[in-house]
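Below, each chain spelled out in residue letters.
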Amino acid sequence: MSDEFLKLLAESERTLDQGFAHLPPNPATPLGPAASAILQQVATRLHDNYPYAHPLYAGQMLKPPHPIARAAYTLAMSVNPNNHALDGGRASSAMEIEAIAALAKMFHWPQHLGHLSSGGTFANLEALWVAGQLAHTEDGTPKAIAASDQAHYTHSRISGVLGLPFISVPSDEHGRMDLTILEALLNADKIGTVVVTLGTTAIGSVDPLDRIVALQEKYKFRIHVDAAYGGYFTLAANLSSETRAAFDAIPHADSIVIDPHKHGLQPYGCGCILFRDPAVGRLYKHDSPYTYFSSRDLHLGEISLECSRAGASAVALWATQQLLPYTPGGAFAQGLEAGHTAALKLHQRLKESPHFISPASPPQLDILFWAVRAANPEASSRLAQLIFDEAAKRDLHLALAKLPLRFFPQDSWQNSPQAEPDATVTCLRSVLMKPEHLLWLDQIGQRLDTAALTAIGSIPR
Ligand SMILES: *Cc1c(COP(=O)(O)O)cnc(C)c1O
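Residues numbered from 1 in each chain as written. Predicted model: local features only at pLDDT ≥ 70, side-chain atom pairs only at ≥ 80, totals over all residues. Heavy atoms only, no water.

Novice: Could you give me a rundown of the overall build of the protein, with the residues and numbers involved?
Specialist: In terms of helices and strands, the protein carries 14 helices and 11 strands. The C-alpha radius of gyration of the protein comes to 24 Å, within 12% of the 23 Å expected for a compact globule of 461 residues. Projected onto its principal axes, the C-alpha positions of the protein cover 80 × 65 × 40 Å. Within the protein, the fraction of its 461 residues that count as buried is 52%. Taking all contacts inside the protein whose residues are at least 6 apart in sequence as the whole, residues at least 24 apart take part in 73%. With an accessible surface of roughly 22200 Å², the protein has 56% of that area assigned to carbon and sulfur atoms. Positive and negative charge centroids in the protein, built from 35 and 44 side chains respectively, lie 3 Å apart. (Helix = DSSP H or I, 4+ residues; strand = E, 2+ residues; numbered from the N terminus. Rg over C-alpha atoms; globule rule 2.2 N^0.38 Å. Buried < 20%, exposed > 50% of the residue type's maximum accessible area, 1.4 Å probe, protein only. Contact = heavy atoms within 4.5 Å. Areas by Shrake-Rupley, 256 points an atom, 1.4 Å probe, with all protein chains shown as cover. Lys, Arg positive; Asp, Glu negative; His and termini not counted. Charge placed at Lys NZ, Arg CZ, Asp CG, Glu CD.)

Here you go:
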């Protein structure tokens, strides 16, 4: 942690304390002599992690929070506000409302209702809870939720929790929802809500939202956009025209989920749900007898399924937005563009490599995957695991993913005649979500090549 960080934090803590200086002194709880040893133990135990903040960590979706988010979160913790009700967090509730408005504005929504949540799963639960109440047959039976087979696994589980039927729509060879199949299901009048994923978790594929919106001319259904991962890419200027068209259709969605704790530089515990029609607020109506006495203003707990929520999350997000506003062409947008460029460049490099097999189409966002060249998918899968281990020995941390063979060109494996449609291969996968990844691409590529040569060389022929 930098001296600058500690200095800024100490200065702002002092200002915060001054606001309460008129009260009789109430000294802070002393930490006592044991604290130092305990924290040393904590620090040592935390060594048992991958180095997520370092650019050589290029595996799963993990991105360090911005220092201003860490500082603002820490500062807010000395108040520890609860954004359930204004009694528990007036300032942080106001900051949450402003932070949410900035997110809605980024998606070009003239009005909205929304709030932060503990994460994308809970935000999606809320979206589908509302969808289930609004999309039903004439006799009140809820219609199905449909999502692609690349959608986040929690959608089917959430539908189960809510007692809503769930339909998995197959994806095409790019991992995007197959619209021919979707249209057949819509035609059969089974679907109430289509979950459109802008940035799937495994491969960062983007469902064609623009074309799904167009289907609303013929069929009646709600659209929920799961942009937990990809939402912020709407600010990026370097997306392909197909991907751009999907993001440009976001204003037509009924609800959006975005995770500031994924690409928004926030610590975990920061998801967000937005509804386009503020009138859905009526569905939340409840009269808890004890929380809402302080004012007639909106308490966020009146429009949220969760009760207690960290006000510190809202404070951290608000502070980050002041430093890095969501403006196209701004520093925040440039960070996302760098990740996409890095993914395109690594994709190109891997396509030219003799060791690997890449999907034909370039990554839509900043997630890419590739398989290892081998006689058949089984051998390829084993090599992927070996390369993953060899790369880790060289401090390059990748991820593994089991993906359908149809994501690769048809002639990728000589000895895999007419594979089953759902046959899979274990691939290497990399999420290049830190802007620094672009500067480190050569390092990443070189370490990957060395790891591949070692792994391939270790296989007896
Ligand atoms: C991460 C993710 C989720 C789940 O969000 P959490 O914040 O992990 O609960 C849902 N959908 C997509 C597309 C995601 O990437």
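Novice: How would you sum up the domain arrangement of the protein? Please name residues and give values.
Specialist: Considered domain by domain, the protein is made up of domain 1 (90–285 + 296–323) and domain 2 (331–457). The distance between the C-alpha centroids of domain 1 and domain 2 comes to 29 Å. Listed per partner, the contact involves 31 residues of domain 1 and 18 residues of domain 2. Both sides of the domain 1 and domain 2 interface together cover about 2100 Å² of buried area, and 61% of this is carbon and sulfur. Of the charged contacts in the structure, one is a salt bridge between Arg-406 and Asp-149, with a shortest N-O distance of 3.4 Å. The interface formed by domain 1 and domain 2 holds 15 residue pairs in polar contact (both at pLDDT 80 or more) in total. At the level of secondary structure, the elements contributing two or more residues to the side of domain 1 that touches domain 2 comprise helix H9 (241–248) and helix H10 (260–263). Partitioning the side of domain 1 that touches domain 2 into residue classes produces 12 nonpolar, 14 polar and 5 charged. (Domains from an automatic or database assignment. Buried area = accessible area lost by both parts, 1.4 Å probe. Salt bridge = Lys/Arg side-chain N within 4 Å of Asp/Glu carboxyl O. Polar contact = N/O pair within 3.5 Å; in protein donor to acceptor, adjacent residues only side chain to side chain. Nonpolar A, V, L, I, M, F, W, Y, C, P; charged D, E, K, R; others polar.)

Novice: If you had to explain the sheet that holds strand S10 (residues 399–404) to someone new, which residues and values would you point to?
Specialist: Spatially, 4 strands are ordered S8-S9-S11-S10 in an open sheet, and the strand pairing comes out antiparallel. Where the open sheet ends on each side, the last strands, each with one partner, are strand S8 (356–357) and S10. (Pairing = 2+ DSSP bridges.)

Novice: So what about the sheet that holds strand S3 (residues 166–169)? Which residues, and what values?
Specialist: One open sheet accounts for 7 strands, arranged S1-S7-S6-S5-S4-S2-S3; its pairing is mixed. Edge strands, defined here as strands with exactly one partner in the open sheet, are strand S1 (113–117) and S3. Taking the axes of each pair of neighbouring strands and ignoring which way they run, one obtains an average angle of 20° across the sheet. Two elements, strand S2 (residues 144–148) and strand S4 (residues 191–197), share 4 bridges in a ladder whose sense is parallel. Bridge assignment links Ala-147 to a residue of S4, and that residue is Val-195. Where helix H5 (residues 120–134) meets the sheet, it contacts S1, S2, S4, strand S5 (222–227), strand S6 (255–258) and strand S7 (271–275), and its direction lies at approximately 25° from that of S7. (Axes fitted to C-alpha atoms, helices over the stretch in contact; angles between N-to-C directions.)

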